[in-house]
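Spelled out from the first residue to the last, the chains are:
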Amino acid sequence: MSPADIVQKLWNYCNVLRDDGMSYGDYVEQLTYLLFLKMADERTKPPYKQKSIVPKNYDWPSLIKKDGDELFDHYRHVLENLGKGKGLLGLIFNKSQNKFQDPAKLRRLIVDLIDNENWSVMSADVKGDAYEGLLEKNAQDTKTGAGQYFTPRPLIRAMVDVMAPKPGETICDPACGTGGFILAAHDYIVGQNPNMTKTEKRDLKEKTFKCWELVQSTARLCAMNLMLHGIGSDSSAPNEKRQESRDLPILVSDSLAADPGVRFNMVLTNPPFGKKSSTTIVNGKGQISKEKDIIEREDFWSTTSNKQLNFVQHVKTLLKQNGRAAIVVPDNVLFEGGAGENIRRKLLHECDVHTLLRLPTGLFYAQGVKANVMFFDRKLASETPWTKKLWIYDLRTNMHFTLKTNPLKRENLDDFVKCYNPANRHKRKETWTEDMEAALPPKAEKLQTSSSVQNDNFTGRWRAYDYEELINRDKASLDIFWLKDKSLEDSENLPDPGILAQNIVEDLEAALEQFREIANDLEEE
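Residues numbered from 1 in each chain as written. Predicted model: local features only at pLDDT ≥ 70, side-chain atom pairs only at ≥ 80, totals over all residues. Heavy atoms only, no water.

*Asks:* Is there a simple way to explain the pattern of salt bridges in this structure?
*Replies:* Pairing between side chains of opposite charge can happen when the charged atoms of each approach one another. Summed over all chains, the structure comprises 22 salt bridges. In this structure, D26 and K99 form a salt bridge, with 3.1 Å as the shortest nitrogen-oxygen distance. On the criterion of sequence distance, the pair formed by D26 in helix α2 (residues 24–42) and K99 in the loop between α5 (87–93) and α6 (103–114) is long-range, its members being 73 residues apart. Several salt bridges share partner residues, and in doing so they unite D331, R358, R396 and D479 into one network. (Salt bridge = Lys/Arg side-chain N within 4 Å of Asp/Glu carboxyl O. Helix = DSSP H or I, 4+ residues; strand = E, 2+ residues; numbered from the N terminus.)

*Asks:* What is the right way to look at the pairing of strand β11 (residues 462–466) in this model?
*Replies:* Looking down a regular strand, the side chains alternate between one sheet face and the other. Most of β11 sits out of view: four of its five residues are buried. Both strand β10 (residues 389–394) and β11 contribute to a ladder of five bridges, which runs antiparallel. Looking at the pairing, Y393 lines up with W462 of β11. (Buried < 20%, exposed > 50% of the residue type's maximum accessible area, 1.4 Å probe, protein only. Pairing = 2+ DSSP bridges.)

*Asks:* Just to check I follow, could you spell out the environment of S302 for this structure?
*Replies:* Tracing the sequence through the fold places S302 in the loop between β6 (288–292) and α12 (307–318). A relative accessible area of 9% places S302 in the buried class. Separated by 41 residues in sequence, S302 and I343 have C-alpha atoms that sit 6.7 Å apart. Residues within four places of S302 in sequence aside, it is in contact with N310, Q313, A339, N342 and I343. A distance of 2.4 Å separates polar atoms of two side chains, one belonging to S302 and the other to N342. (Contact = heavy atoms within 4.5 Å. Polar contact = N/O pair within 3.5 Å; in protein donor to acceptor, adjacent residues only side chain to side chain.)

*Asks:* What is the right way to read the side chain of D415 from this model?
*Replies:* With respect to the helices and strands, D415 occurs in helix α15 (residues 414–420). Within the buried core, D415 has no salt-bridge partner, and the shortest N-O distance to an opposite charge, that of K418, equals 5.6 Å. Within polar-contact distance, the side chain of D415 engages the side chain of Y393 at 2.6 Å. (Lys, Arg positive; Asp, Glu negative; His and termini not counted.)

*Asks:* Which parts of the structure should I look at to understand the packing of helix α8 (residues 153–163) against helix α9 (residues 180–192)?
*Replies:* A pair of packed helices can be characterised by two numbers: the angle between their axes and the separation between those axes. Taken N-terminus to C-terminus, the directions of α8 and α9 make an angle of 50 degrees; their axes are 9 Å apart at the nearest point. When the axis of α8 is compared with that of α9, the two are oblique. Considering how the two elements wind past one another, α8 and α9 form a crossing that is right-handed. Contacts between α8 and α9 pair R153, I156, M159, V160 and D161 from the former with G180, F181, A184, A185 and Y188 from the latter. For the contact of α8 with α9, the class distribution of residues is seven nonpolar, one polar and two charged. (Axes fitted to C-alpha atoms, helices over the stretch in contact; angles between N-to-C directions. Parallel < 35°, antiparallel > 145°, perpendicular 65-115°, else oblique. Left-handed = near helix turned anticlockwise from the far one by under 90°. Nonpolar A, V, L, I, M, F, W, Y, C, P; charged D, E, K, R; others polar.)

*Asks:* Could you clarify how one ought to interpret unusual backbone geometry in this entry?
*Replies:* Of all residues except glycine, most have a negative phi; of all peptide bonds, most are trans. A cis geometry characterises the amide bond from P46 onward to P47, with omega recorded as 0 degrees. Checked against the element boundaries, P47 lands in the loop between α2 and α3 (60–64). With a phi angle near 60 degrees, N421 is a residue other than glycine that sits in the positive phi range. Within the fold, N421 resides in the loop between α15 and β11.

*Asks:* Please clarify how the packing of α12 against helix α14 (residues 339–350) should be interpreted in this entry.
*Replies:* Put simply, α12 and α14 touch, their axes get as near as 10 Å, and they point 25 degrees apart. Accordingly, the angle class assigned to the pair α12 and α14 is roughly parallel. Where α12 crosses over α14, the handedness of that crossing is left-handed. Mapping the contact onto sequence places L309, V312, Q313 and K316 in α12 and A339, G340, I343, L347 and E350 in α14. A class-by-class count of the residues in the contact of α12 with α14 yields five nonpolar, two polar and two charged.

*Asks:* Got a minute to help me understand the packing of aromatic side chains in this structure?
*Replies:* In this description, a pair of aromatic rings is defined by centroid distance and the angle of the planes. Inspection of the entire model under this criterion finds eleven aromatic pairs. Between Y33 and F93, the ring centres sit 5.6 Å apart and the planes meet at 25 degrees, which makes this aromatic pair stacked. Of this pair, Y33 sits in helix α2 while F93 sits in helix α5, placing them 60 residues apart in sequence. Exposure remark for Y33: the relative accessible area of 0% places this residue in the buried category. By relative accessible area, which is 0% here, F93 ends up buried. An aromatic cluster of three or more residues is present, and its members are F375, W391, Y393, F416, Y420 and W462. The residue whose ring lies beneath R43 is Y48, and the NZ or CZ to ring-centre distance is 4.6 Å. (Phe/Tyr/Trp six-rings, centres within 6.5 Å; stacked < 30°, edge-to-face > 60°. Lys NZ or Arg CZ within 6 Å of the ring centre and 35° of its normal.)

*Asks:* How should I be thinking about helix α4 (residues 68–82) in this particular structure?
*Replies:* An α-helical turn contains 3.6 residues, so a residue and the one three or four places further along point in the same direction. Taking 1.5 Å per residue as the helical rise, α4 with its 15 residues ought to reach 21 Å, and the 21 Å between its terminal C-alpha atoms agrees with that figure. Those residues of α4 that sit buried are L71, F72, H74, Y75, V78, L79 and L82. Contact partners of the buried residues in α4: α2, α3, α5 and α6. (Expected span 1.5 Å × (residues − 1).)

*Asks:* Got a minute to help me understand the sheet that holds β11 in this structure?
*Replies:* Taken in spatial order, the nine strands make up an open sheet running β3-β2-β1-β4-β7-β9-β8-β10-β11, and their pairing is mixed. Whereas interior strands pair on both sides, the edge strands pair on one side only; in this sheet they are β3 (250–252) and β11. When the angles between neighbouring strand axes are averaged without regard to direction, this sheet yields 15 degrees.

*Asks:* It is not clear to me how the state of the cysteines should be interpreted in this structure. Could you clarify?
*Replies:* What makes a disulfide is a covalent bond joining the sulfur atoms belonging to two cysteines. This model, assessed by the stated rule, comprises zero disulfides. Free cysteine: C176, not disulfide-bonded; nearest cysteine sulfur from C211 at 3.8 Å. Residue classification places C176 among the buried residues on the basis of a relative accessible area of 5%. In this model C222 remains outside any disulfide bridge; the closest cysteine sulfur is found in C176, 3.8 Å from its own. (Disulfide = S-S within 2.5 Å.)

*Asks:* Help me out: how do you make sense of the environment of K127 in this one?
*Replies:* Examined against the element boundaries, K127 turns out to sit in helix α7 (residues 124–140). With 98 residues separating them in the primary sequence, K127 and N225 have C-alpha atoms 9.3 Å apart. Excluding residues within four positions of it along the chain, K127 makes contact with M39, W119, S120, M122 and L228.

Quick look at the structure:
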């Protein structure tokens, strides 16, 4: 069966379970538990013959033997007991609960859907892509909020393509969600290096990747996602040391809490959106107040409660000398004063901040988000600034995407990848010139239609700014635009009413979120 067939088969059954009140997220989580148990059992049989890390009383055969209420009770005990385990078992089953309402439906999922397939003999591509398909469908269900953990895969692939990870490099995502960046980096390395040695393949599987995730339920989805794609130590390996938490590719913790002490060649990440962190406090009289979570770390340049700014500082800390980073940041990171200005000035001086990709709206499941991808390299201490030129690619002006009717495709980023020139980024050429009268053709909507669009239609989106220009801007703001918005110039060239309406909604939601933060700040004061 193809990944699409498997996803469709598993997803069709979700529609049955929704009548019982089970959400998409709950369904994917229950699948995670059952798939893990099934594959752990498959690994005990030829040709693997591995010792299972799942205790016999709670393994897959113990579920298959039971039916009705007996199965229901046993499944609950399985989840409770395996959640007490360490290592991968504890990560997958920690705080797990049975969300089924009907024993017959649980039995059908176990016997008809999961037991009928041999998941271990499927290629990592088939079963991994099938699981990714389920996660994406789950992210599309915006009511559950699952989309906040899901970065558009075409964007991830383009970021990885320009970062070009190599065998032997260590790669980190300090806010990994369901593991999209790790999977894309793994696939890139495998695809670009077909002749890796056995040692390189083993290191790629067991030593290359490290990621952090704050939310337990998301971390378990990520762990399963990595496992299905063949990343991490074998779940059923008899060597108990491999099951220690420190050896797992993913840690469940707040990555901003402290410097982990380990450094990486590359960081790829999209930290969670949302500006401020705070803790709710109830005093002896029952009065509720909120205190900002201001993170103080010796390795940080500035103390702030802005999570996004803290992640920028954290990513710099995680990099080895000459390490490379690509981080998705909202617009406020580019222009905010105070700590934001200090962090930008320090970053421009102490790192080579060489590229900024300005993203269009309509890409993320979190509404009203205006985001960018910042690329920088960590450098040795120096009296002179490391940033010489910041190259900016504007994929936002006159570009209109939606999650359903006109989603971002990988080919929409082809021109950015070409301009970035990953083979030698020190040899770049601007596509914008001072005397350019019209940066874009009249019909801007043609740019999104297909990969057959000629690159000259993207003329003017790629421009460089010298360090002196950047540092002398008000608050060292990197919030820079230069292209003309065609819809404002030409009434005959207005976007479709649906696109205009969506843009208005996104702008209002972004403004509303900013007002909420201002109101919260005033209330705290």
